[in-house]
Amino acid sequence: MVGCSTVSPVDEPPVESYELFTGVVNYPGNLYFPSRVRLVITLNEHDIFDGSASLVVSQTINNPQRFPVNYTLRYLSEEIDSSNFFSISYKLYRGEEDEPFLFAQSKKSQRI
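Chemist: So what exactly am I meant to see when it comes to a nonpolar patch on the surface here?
Modeler: A cluster of nonpolar side chains, I48, F49 and F85, forms an exposed patch at the surface whose accessible area comes to about 320 Å². The residue I48 is located in the loop between β2 (37-46) and β3 (53-62) in this model. The partly exposed category is assigned to I48, whose relative accessible area is 35%.

Chemist: Is there a simple way to think about the pairing of strand β5 (residues 85-94) in this case?
Modeler: Looking down a regular strand, the side chains alternate between one sheet face and the other. Counting buried positions along β5 gives 7 out of 10 residues, so the element sits mostly inside the fold. Pairing of β2 with β5 involves 10 bridges; the strand directions are antiparallel. Across the sheet, the residue bridging to L43 is I88, located in β5. As paired elements, β5 and strand β6 (residues 102-105) share 4 bridges and run antiparallel to each other. Bridge pairing in β6 links L92 to L102.

Chemist: I tried to follow the nonpolar core on my own but got confused; where do I start?
Modeler: Inside soluble globular proteins, nonpolar side chains tend to come together where they are buried. Among the nonpolar cores identified, the biggest contains 18 residues, and L39, I41 and Y71 are the most heavily contacted of them. Elements represented by at least two residues in this core include exactly β2, β3, β4 (69-76) and β5. Once you skip the residues sitting within four places of it in the chain, Y71 turns out to touch F21, T22, G23, V24, V25, I41, Q59, I61, I88 and Y90.

Chemist: Looking at this structure, how should I read the environment of P64?
Modeler: Position of P64 relative to the elements: it lies in the loop between β3 and β4. According to the relative accessible area criterion, P64 is buried, its value standing at 11%. Measuring from C-alpha to C-alpha, the distance between P64 and R36 comes to 8.8 Å, with 28 residues separating the pair along the chain. Those residues in contact with P64, other than ones at most four positions away along the chain, are V37 and V69.

Chemist: Looking at this model, I keep getting lost on the environment of V25. Mind explaining?
Modeler: Take V25: it is sitting in strand β1 (residues 18-25). Separated by 43 residues in the primary sequence, V25 and P68 have C-alpha atoms spaced 5.4 Å apart. In this view, V25 contacts L39, I41, F67, P68, V69, Y71 and Y90; residues no more than four positions away in its chain are not counted.

Chemist: Explain the sheet that holds β5 here, please?
Modeler: Backbone-to-backbone hydrogen bonds join strands into a sheet, with any given pair of strands oriented parallel or antiparallel. With antiparallel pairing, the 4 strands of this open sheet are ordered in space as β3-β2-β5-β6. Each of the sheet's edge strands pairs with one partner strand only, and the pair in question is β3 and β6. Strand-to-strand twist across the sheet, computed as the mean angle between neighbouring axes with direction ignored, equals 15°.

The rules behind the values
Residues numbered from 1 in each chain as written. Predicted model: local features only at pLDDT ≥ 70, side-chain atom pairs only at ≥ 80, totals over all residues. Heavy atoms only, no water. Patch = residues over 30% accessible without salt bridge, like charges linked within 9 Å, V, L, I, M, F, W, Y side chains within 5 Å. Areas by Shrake-Rupley, 256 points an atom, 1.4 Å probe, with all protein chains shown as cover. Salt bridge = Lys/Arg side-chain N within 4 Å of Asp/Glu carboxyl O. Helix = DSSP H or I, 4+ residues; strand = E, 2+ residues; numbered from the N terminus. Buried < 20%, exposed > 50% of the residue type's maximum accessible area, 1.4 Å probe, protein only. Pairing = 2+ DSSP bridges. Core = buried A, V, L, I, M, F, W, Y, C linked by side-chain atoms within 4.5 Å. Contact = heavy atoms within 4.5 Å. Axes fitted to C-alpha atoms, helices over the stretch in contact; angles between N-to-C directions.

Functional significance is not addressed by these values, which are geometric in nature.
Laid out in C-alpha cells, this is it:
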C-alpha cells in the first residue's frame, strides 16, 4: 500500500497576550449587609494628558460568601497604554440597587 500526502501551511491566529491583575477585597466586620449583594471591581485607565478615565476591565462577584474576597482581572496588554495612570475601584451594591452603598478607589498609579 502506498500513500501520499502534502502539508499545506495553516495560518494560525495571533496569540493574544493577556495580563492578570489580582487582589483581595476586605470588608469591615462591624458593617451589616443583606444576603443579596454584588461586588464590582474595575480597573480604570487615566490619560496622562487630559485625566479622562476609561474602563479597562471589570469583574462582578455576586453574593460573596465571606470576606476577604480574592479577584483576578484579565486584560489584553496591547489594549492599554502603559504610560498612563491606573486605578482600581471597588463597589458593593445591595440587591438590584444602582447606587453602591460602599465605594473605595485606589490612588492613581502609573505601575500596573
